[in-house]
Amino acid sequence: MTPLLPTGEPIAVVAPSGICNEERFQQGMGIARHHGFDVRALPVKPWRYMAGDDEWRLHKLIEALTAPNWAGVWIARGGYGITRLLAKIPWEELPQRPIIGFSDLTALFGPLHHRKKGPVIHGP
């Protein structure tokens with residue numbers, strides 16, 4: 001059986017909502033790497049309790065979802081901030097690629113599933 005998220009190929013890790021606890025984030029990245037995933041974190045620019053202002057987070061999310069070098073997308077954490085971005089996502093430009101996330105990311109997964117993008121994986 002082929003895994004949904006490929007090991008050995010670059011996977012974007014993006015935070016389009018809240019900011020992560022850095023220590024726990026690095027632990028998670030280490031666990032993913034230990035299991036063979038080539039995870040690469042896109043930068044954040046903390047703004048209040050979010051991983052950047054709306055424009056920054058939208059830019060990084062679109063980069064993760066559309067850049068041809070990513071074999072998949074792993075969303076760093078859930079949170080309210082994703083709902084502020086949904087109206088500006090270029091849905092029809094998104095290629096097929098696995099996307100994993102949880103919590104408030106359901107707001108992103110619904111439109112992705114409706115447009116047959118993904119697959120989407122609800123998980124940590």
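Residues numbered from 1 in each chain as written. Predicted model: local features only at pLDDT ≥ 70, side-chain atom pairs only at ≥ 80, totals over all residues. Heavy atoms only, no water.

Engineer: I'd like a description of the confidence of the model for the protein, backed by residues and values.
Structural biologist: Mean pLDDT over the protein stands at 93; residues scoring 70 or higher make up 98%. Looking at the elements of the protein, mean pLDDT is at its lowest for strand S5 (residues 120-122), recorded as 91, and at its highest for strand S2 (residues 38-41), recorded as 98. (pLDDT = per-residue confidence, 0-100. Helix = DSSP H or I, 4+ residues; strand = E, 2+ residues; numbered from the N terminus.)

Engineer: Account for the sheet that holds strand S4 (residues 99-101), with residues named and values stated.
Structural biologist: Sheet strands pair via backbone hydrogen bonds, and the direction of the pair is either parallel or antiparallel. Strand order in the open sheet formed by five strands is S2-S1-S3-S4-S5, with parallel pairing between adjacent strands. Of all the strands in the sheet, just S2 and S5 have a single pairing partner and so form its edges. When strand polarity is set aside, the average angle formed by the axes of neighbouring strands in this sheet is 25°. Contacting strand S1 (10-14), S2 and strand S3 (72-75), helix H1 (residues 22-34) runs over the sheet at an angle of about 155° to S2. Where helix H2 (residues 54-66) meets the sheet, its contacts fall on S1, S3 and S4, and the angle it forms with S1 comes to roughly 160°. (Pairing = 2+ DSSP bridges. Axes fitted to C-alpha atoms, helices over the stretch in contact; angles between N-to-C directions. Contact = heavy atoms within 4.5 Å.)

Engineer: Go over the side chain of Arg 57 with me, naming the residues and quoting the values.
Structural biologist: Relative to the elements of secondary structure, Arg 57 occurs in helix H2. By relative accessible area, Arg 57 is classed as buried at 0%. At 2.6 Å, the side chain of Arg 57 forms a polar contact with the backbone oxygen of Pro 16. Discounting residues that sit within four places of it in the chain, Arg 57 has contacts with Ala 15, Pro 16, Ser 17, Met 50, Ala 51, Gly 52, Gly 81, Ile 82, Arg 84 and Leu 85. (Buried < 20%, exposed > 50% of the residue type's maximum accessible area, 1.4 Å probe, protein only. Polar contact = N/O pair within 3.5 Å; in protein donor to acceptor, adjacent residues only side chain to side chain.)

Engineer: How would you summarise the packing of aromatic side chains if you had to cite specific residues and measurements?
Structural biologist: For the coordinates displayed, the defined rule picks out one aromatic pair. Centroid distance Phe 37 to Trp 74: 5.7 Å. Interplanar angle 85°. Geometry classified as edge-to-face. Highlighted residues: Phe 37 in the loop between H1 and S2 and Trp 74 in strand S3, separated in sequence by 37 residues. Neither Phe 37 nor Trp 74 differs from the other in exposure class; each is buried. Directly above the ring of Trp 47 sits Arg 48, whose terminal nitrogen or CZ lies 5.2 Å from the centroid. The ring of Trp 56 has Lys 60 sitting right over it, with the charged end atom 5.0 Å from the ring centre. (Phe/Tyr/Trp six-rings, centres within 6.5 Å; stacked < 30°, edge-to-face > 60°. Lys NZ or Arg CZ within 6 Å of the ring centre and 35° of its normal.)

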